[in-house]
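Report on the structure
Now for the letters of each chain:
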Amino acid sequence: MTSAPRFFCASLAAGVLELPPKAAHHAVNVLRLTLGAHLVLFDGTGGEYPAEIISIKRGKVEVKPGEHRPIERESPLFVRLAQTLQAGEKMDYTLQKAVELGVCAFLPLQGRRSVVRLTGERAAKRYTRWREIAIAACEQCGRNRLPEVAPITPLEDWLRDAGSALPGLKLLLLPGAEQRIPTLERPALKTEITLLAGAEGGLDPIEIEAAHAAGFCPIQLGPRILRTETAGLAALAVLQGLWGDF
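Fair warning: this is a prediction, and the values are worked out from it, not measured in the lab.

**Here we look at the packing of aromatic side chains**
The description of an aromatic ring pair rests on the distance of the ring centres and on the angle between the ring planes. Inspection of every chain in the model, using the stated rule, returns two aromatic pairs. Centroid distance tryptophan 158 to phenylalanine 216: 6.0 Å. Interplanar angle 55 degrees. Geometry classified as tilted. One end of the pair, tryptophan 158, is in helix H4 (residues 155–165); the other, phenylalanine 216, is in the loop between helix H5 (205–213) and strand E13 (217–220), with 58 residues separating them in the sequence. Residues tryptophan 158 and phenylalanine 216 agree in their burial class; the two are buried. Note that arginine 6 overlies the ring of phenylalanine 42, its terminal NZ or CZ placed 4.5 Å from the centroid.

Dropping the structure here:
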């Protein structure tokens, strides 16, 4: 049995509503949905709504939502991925897969060794794109709560301010570190976990020292050095396998 296609709608009021333009285009021109087709709507705050297409006119799609269903597919772990900026489409890939793996927040950080530099309008456009990627990933994987996507922040500023103040378990992905995730003591339920991953060139020694000062514990992911787009995702998978919902 094929599951009904899912669409994000920021505002889900009672009665008939119109799908957002991108969702309407995808429904009609990509999925080829027709009148009477069943879908699922969610607004990112929890739960979902069954819905039915009742009108398709000139690219506009009207749907009628049913009753709210309190269905959640969130991990029992609250994990943030603090990812130093990666080049090309690697950041998009990392974010997409991190959402699928249950991350609750994605924090893009500008590091000393980041190949790409994003400021001003470029940073704003990339932020908008990342939010769209997070939404699409939730539509695909069944999550009904949108993870936070934070604005780009300089890594050292973040470590000094927000990073140092974060509660819970803080892990720095660092090749050659003495500890691995399985050697750590199992955290208590609802403990917040923050993963800090470097870009292509890893973290600068000054950044590593700042991470230590902010309370991050260095961990390794085995004897092989993983690529920047692999390391954070591998760590997320290990956390879910050991303490989460895998």
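Here the narrative resumes.
**Focus: the pairing of strand E7 (residues 105–110)**
Where burial is concerned, most of E7 is hidden: six out of the six residues are buried. Residues Ala105, Leu107 and Leu109 point to one face of E7 and Phe106, Pro108 and Gln110 to the other, with burial holding for every one of them. Here strand E6 (residues 78–84) pairs with E7 via five bridges, running parallel. Opposite threonine 84, over in E7, you have leucine 109 as the bridge partner. Running through helix H2 (residues 90–100), the crossover from E6 to the neighbouring parallel element E7 is right-handed. Here two bridges tie E7 to strand E8 (residues 148–149), and the two strands are oriented parallel to one another. The residue of E8 that forms the bridge with phenylalanine 106 is valine 149. Relative to strand E9 (residues 153–154), E7 is paired through two bridges, and the arrangement is parallel. Counted as the bridge partner of glutamine 110 is proline 154 from E9.

Procedures and definitions
- Residues numbered from 1 in each chain as written.
- Predicted model: local features only at pLDDT ≥ 70, side-chain atom pairs only at ≥ 80, totals over all residues.
- Heavy atoms only, no water.
- Phe/Tyr/Trp six-rings, centres within 6.5 Å; stacked < 30°, edge-to-face > 60°.
- Helix = DSSP H or I, 4+ residues; strand = E, 2+ residues; numbered from the N terminus.
- Buried < 20%, exposed > 50% of the residue type's maximum accessible area, 1.4 Å probe, protein only.
- Lys NZ or Arg CZ within 6 Å of the ring centre and 35° of its normal.
- Pairing = 2+ DSSP bridges.
- Right-handed = clockwise from strand over helix to strand, strands pointing away.

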